[in-house]
Amino acid sequence: SSVTSNVITIVLRNGLGDSAVITSMNIFTGSTVLCTATGVVNPIADGANPTITLPCTNALNSGERFKGDIKISYTKGTTGTLSQTATGSITKKVP
């Protein structure tokens, strides 16, 4: 993963045992959405490691340590209708 002043890039790993369709992916600080995924190529095959780009609405401060919470909403399989959620975090220094 990488962080710049206006974009966060994350490499995911699909280990669901089935394909996944990402319906939304955001990075938050507290309850504020800072970055939202764009251009996600769906479906993501089982075992795939796609790179996801998340442009940020507010610039991140150069030289500071950024810590954000990741929330991914997805459905399992290409015909799935039940939305599921995966969460994580990212901590990086902004160059």
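Below: a short report on this structure. (Residues numbered from 1 in each chain as written. Predicted model: local features only at pLDDT ≥ 70, side-chain atom pairs only at ≥ 80, totals over all residues. Heavy atoms only, no water.)

### What about the state of the cysteines?
Across all of its chains, the model carries one disulfide by this definition. C35 shares a disulfide with C56; S-S distance 2.1 Å. Across the S-S bond of C35 and C56 the torsion is about 85°, and the bridge reads as right-handed. Of this pair, C35 sits in strand β4 (residues 32-36) while C56 sits in the loop between β5 (51-55) and β6 (65-76), placing them 21 residues apart in sequence. Like C35, the residue C56 is buried in the burial classification. (Disulfide = S-S within 2.5 Å. Helix = DSSP H or I, 4+ residues; strand = E, 2+ residues; numbered from the N terminus. Buried < 20%, exposed > 50% of the residue type's maximum accessible area, 1.4 Å probe, protein only.)

### What to know about the sheet that holds β4
Sheet architecture is open: four strands sit in the order β4-β3-β6-β7, paired in antiparallel fashion. One side of each edge strand has no neighbouring strand; the edge strands of this open sheet are β4 and β7 (84-93). Strand-to-strand, the axes of this sheet are offset by a mean angle of 30°, without reference to chain direction. (Pairing = 2+ DSSP bridges. Axes fitted to C-alpha atoms, helices over the stretch in contact; angles between N-to-C directions.)

### Brief notes about the pairing of strand β2 (residues 7-11)
In this structure, strand β1 (residues 2-3) lies alongside β2, joined through two bridges in antiparallel fashion. By the bridge assignment, V3 is partnered in β2 with I8. Hairpin connection from β1 to β2: three residues lie between these consecutive antiparallel strands. Here five bridges tie β2 to β5, and the two strands are oriented antiparallel to one another. Note on β5: the bridge partner recorded for I8 is L54.

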